[in-house]
Each structure stands twice: as C-alpha cells, then as structure tokens.
Amino acid sequence: MPKVNMIEMLQKAKREGYAVPLINIDNLEWLHAVMDTAQRLQSPIIIGTAPFQVEELGGMHTVVGMIDGLAKDKGYTIPYVIHLDHGDSYERCVAAIDAGFSSVMIDASSLPLEENIAVTKKVVAYAHAHNISVEAEIGHVGGDEFNGGKEVLYADFDECVRMVKETGVDCLTPALGSVHGDYKGEPKLGFDEMKAISEAVQIPLVLHGGSGIPDEQIRKCIERGTAKINVATENRRAYHIRLRELLAADPNCIDPMKTTWSARRAIEQIVESKILLFGSKNKA
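Residues numbered from 1 in each chain as written. Predicted model: local features only at pLDDT ≥ 70, side-chain atom pairs only at ≥ 80, totals over all residues. Heavy atoms only, no water.

What follows is about the overall build of the chain. A count of helices and strands for the chain gives eleven helices and ten strands. Taken over C-alpha atoms, the radius of gyration comes to 18 Å for the chain, in line with the 19 Å a tight globule of 284 residues would show. Classification of the 284 residues of the chain by burial places 57% in the buried group. Relative to all contacts within the chain whose residues are 6 or more apart in sequence, the contacts with residues 24 or more apart total 71%. A total of about 12,300 Å² of accessible surface is found on the chain, and carbon and sulfur atoms cover 51% of it. (Helix = DSSP H or I, 4+ residues; strand = E, 2+ residues; numbered from the N terminus. Rg over C-alpha atoms; globule rule 2.2 N^0.38 Å. Buried < 20%, exposed > 50% of the residue type's maximum accessible area, 1.4 Å probe, protein only. Contact = heavy atoms within 4.5 Å. Areas by Shrake-Rupley, 256 points an atom, 1.4 Å probe, with all protein chains shown as cover.)

Structure representation (structure tokens):
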C-alpha cells in the first residue's frame, strides 16, 4: 500500500477501539526493525522524526527517500505514514510537506493560545491543500528524551475545543500528564479529562510519552479516544542495552552486521509488544 496520511488511519483506529504506534527512528537499522515488524504483524505504522532527528539523518529529503525507498525495495503492503514530530514552526512544516512527508505535527504549544491557534490554522490550510494530515498540541507534554526537566502544562478543555473548531486540525495532543523520556514514579494521567475532550472534539487524540506507561493505563487511553501513541525512549534503551551486551561479548568486533544491525532485534521486540498492546495487529 502506498504512503498515506493519518486522517483515515486514525479515524478507523478510534472507531474500532485500537491505537496506531508512532515509532521515532534514529537510523536506518531502526527503520528496518520497525517496518519489518509492522509488515509481519500486518499493522499500520507511523514513522516519526523530530526536527533534531531529521537534521542528524541528513535532512527532509533524505528521511523521505530512506523510508519510501525501503518500502519500495522490500515491497511492504502495510499503510505507513511519514510524520514530522514536534514541528516547531510553519516554515518547518511546509518544508516537510514539500519534501514528501505525509503528516506533520505543528507544536506551537509554548505560545499563547491565540498564537497557537493562528499558526496551527495556517499549517492546516497548507497541509490540507496537499492532502497532508496535521496534529496539534494543547498544554505542554513534559520531560525530554535526553535532558529532562520540562514541566507538564495540562491541557484546558475549552482551549482544546477552540483549537479543533477554529483550525480544522485532524488529531489533537492534549497534555494530560504524560512526559517524554523517563517517568518519575507511576504516570498519573487525566483519564476523565481525556474522555471529556475526546467526546467534545470528536477527532482522534494522541498520547506522547508512551514509553513506561503501564499497560492498563494504555488501554484506558485507547478506550477514551486515543488513536495514536508515540514510543521512543523504550526503543532507545533496549537498543543500547543490547548493543553494549554485544560489544562486551566481543570487544574486538568491528562488523556492524554483528553489532548495530543485530541490536535492532531489541527494537523489533519492543515494537511487536506495542502493536499487540495497542491492538493494531491485523488492522492494515
């Protein structure tokens, strides 16, 4: 199946009561692991790259060429999305769309509400003219995969309703207690608020910071309208634990097929567990 945007993919997930994983990738090995696993389990999949990952991978066109090229060469039949995660400006989102991304997130959540709505509306207008889906954020998801320290700013119900009504955005991230990176203790998510927002806005919700949330809480999120769940930290941890084990077992090894490429098996295990937990197996 060709590359798609997230609109029908997430609407179907919300309607049928499952969530689609977004997996952030840091290199080609990870991409193989994610796509191979999704294909084997017949799950739709969203490949996410944040601006810093795009830069490290070589740029917008490199990311798109790598993902589309792999899909073509390996003959994947599952629907897949190339998503700009946490796009930080209108210009960045436009560049991603023009390069071939099929979905963008405009994260203007650090701006006052009026400015957030204004820039989101502008991104939606450009994206929808190119058949591209748009995700926006209200409140602020806390934490950071690498540095930590950002506080959660909880989403306001009325602001969520305004955002969706005034912008026509396709899915919404309401910050309700999840964080990027590691959790300090058990996550405390706003399930009642999540349900109320979902019922009011009638579009799929998105959960960032999906690593480290107990399975039962993940199921509650899905029951309350969450149709996309982002995962990054668990893959990074599993990959590097396995890589260290491989290098420790053979310190003189210089063959990447025995180290970095073998370590991707740890990511395959994480991705498989998320597809099964989120309920997206056989939903392609």
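So, on to the packing of aromatic side chains. A complete count under the given rule lists two aromatic pairs for this structure. Ring centres of Trp-30 and Tyr-239 lie 5.1 Å apart, and the angle between their planes is 65°; on these two criteria the pair is classed as edge-to-face. With Trp-30 in helix H2 (residues 28–41) and Tyr-239 in helix H10 (residues 233–249), this residue pair connects regions lying 209 residues apart in the sequence. Summarising the aromatic geometry, the rings of Tyr-90 and Tyr-126 are spaced 6.4 Å apart at their centres and angled 80° between planes, so their arrangement reads as edge-to-face. Of the two residues, Tyr-90 sits in helix H5 (residues 90–99) while Tyr-126 sits in helix H6 (residues 113–129), which places them 36 residues apart along the sequence. For the cation-ring pair, Lys-122 lies above Tyr-90, with the distance from its terminal atom to the ring centre recorded as 4.3 Å. Lying over the aromatic face of Phe-191, Lys-220 brings its terminal NZ or CZ to 5.3 Å of the ring centre. (Phe/Tyr/Trp six-rings, centres within 6.5 Å; stacked < 30°, edge-to-face > 60°. Lys NZ or Arg CZ within 6 Å of the ring centre and 35° of its normal.)

Take the packing of helix H4 (residues 60–74) against H5 next. The geometry of a pair of packed helices is captured by two quantities: the angle between their axes and the separation between those axes. Between H4 and H5, the shortest axis-to-axis distance is 9 Å and the interhelical angle comes to 40°. Judged by the angle between their axes, H4 and H5 are oblique. By crossing handedness, the relation of H4 to H5 is classed as right-handed. On H5, the residues touching Met-60, His-61 and Val-64 of H4 are Arg-92, Ala-95, Ala-96 and Ala-99. By residue class, the composition of the contact of H4 with H5 is five nonpolar, one polar and one charged. (Axes fitted to C-alpha atoms, helices over the stretch in contact; angles between N-to-C directions. Parallel < 35°, antiparallel > 145°, perpendicular 65-115°, else oblique. Left-handed = near helix turned anticlockwise from the far one by under 90°. Nonpolar A, V, L, I, M, F, W, Y, C, P; charged D, E, K, R; others polar.)

What follows concerns the pairing of strand S2 (residues 45–49). Of all five residues in S2, five are buried, a share of seventy percent or more. Across the two faces of S2 the burial is the same, with Ile-45, Ile-47 and Thr-49 and Ile-46 and Gly-48 all buried. Crossover connection from strand S1 (residues 20–24) via H2 to parallel S2: handedness right-handed. (Right-handed = clockwise from strand over helix to strand, strands pointing away.)

As a further point, take H6. An α-helical segment advances 3.6 residues per turn. Residues three or four places apart therefore align on the same side. When the terminal C-alpha atoms of H6 are compared, their 24 Å separation across 17 residues agrees well with the 24 Å that a helix rising 1.5 Å per residue should span. When H6 is considered as a whole, its buried residues turn out to be Leu-113, Asn-116, Ile-117, Val-119, Thr-120, Val-123, Val-124 and Ala-127. (Expected span 1.5 Å × (residues − 1).)

A few words now on the nonpolar core. Among the nonpolar cores identified, the biggest contains 76 residues, and Met-35, Ile-45, Phe-101 and Leu-172 are the most heavily contacted of them. With residues up to four places along the chain from it excluded, the contact list for Phe-101 reads Thr-49, Val-54, Met-60, Val-63, Val-64, Ile-82, His-83, Leu-84, Ala-96 and Ile-132. (Core = buried A, V, L, I, M, F, W, Y, C linked by side-chain atoms within 4.5 Å.)

We now examine the side chain of Lys-228. For Lys-228, the location among the structural elements is in strand S10 (residues 226–231). Reaching out from Lys-228, the side chain makes a polar contact with the side chain of Asn-230 at a distance of 3.0 Å. Other than its neighbours up to four places away in sequence, Lys-228 contacts Met-6, Leu-10, Ala-19, Val-20, Leu-22, Ile-46, His-83, Glu-135, Leu-205, Val-206, Leu-207 and His-208. (Polar contact = N/O pair within 3.5 Å; in protein donor to acceptor, adjacent residues only side chain to side chain.)

Attention shifts here to the pairing of S1. For S1, a buried count of five out of five residues is recorded, marking the element as mostly surrounded by other parts of the structure. Side chains Val-20, Leu-22 and Asn-24 project from S1 onto one buried face, and the interleaved Pro-21 and Ile-23 project onto a second face that is buried too. Pairing between S1 and S2: three bridges, direction parallel. Looking at S2, one finds that Leu-22 is bridged to Ile-46. (Pairing = 2+ DSSP bridges.)

Worth remembering: the numbers are spatial, not functional.
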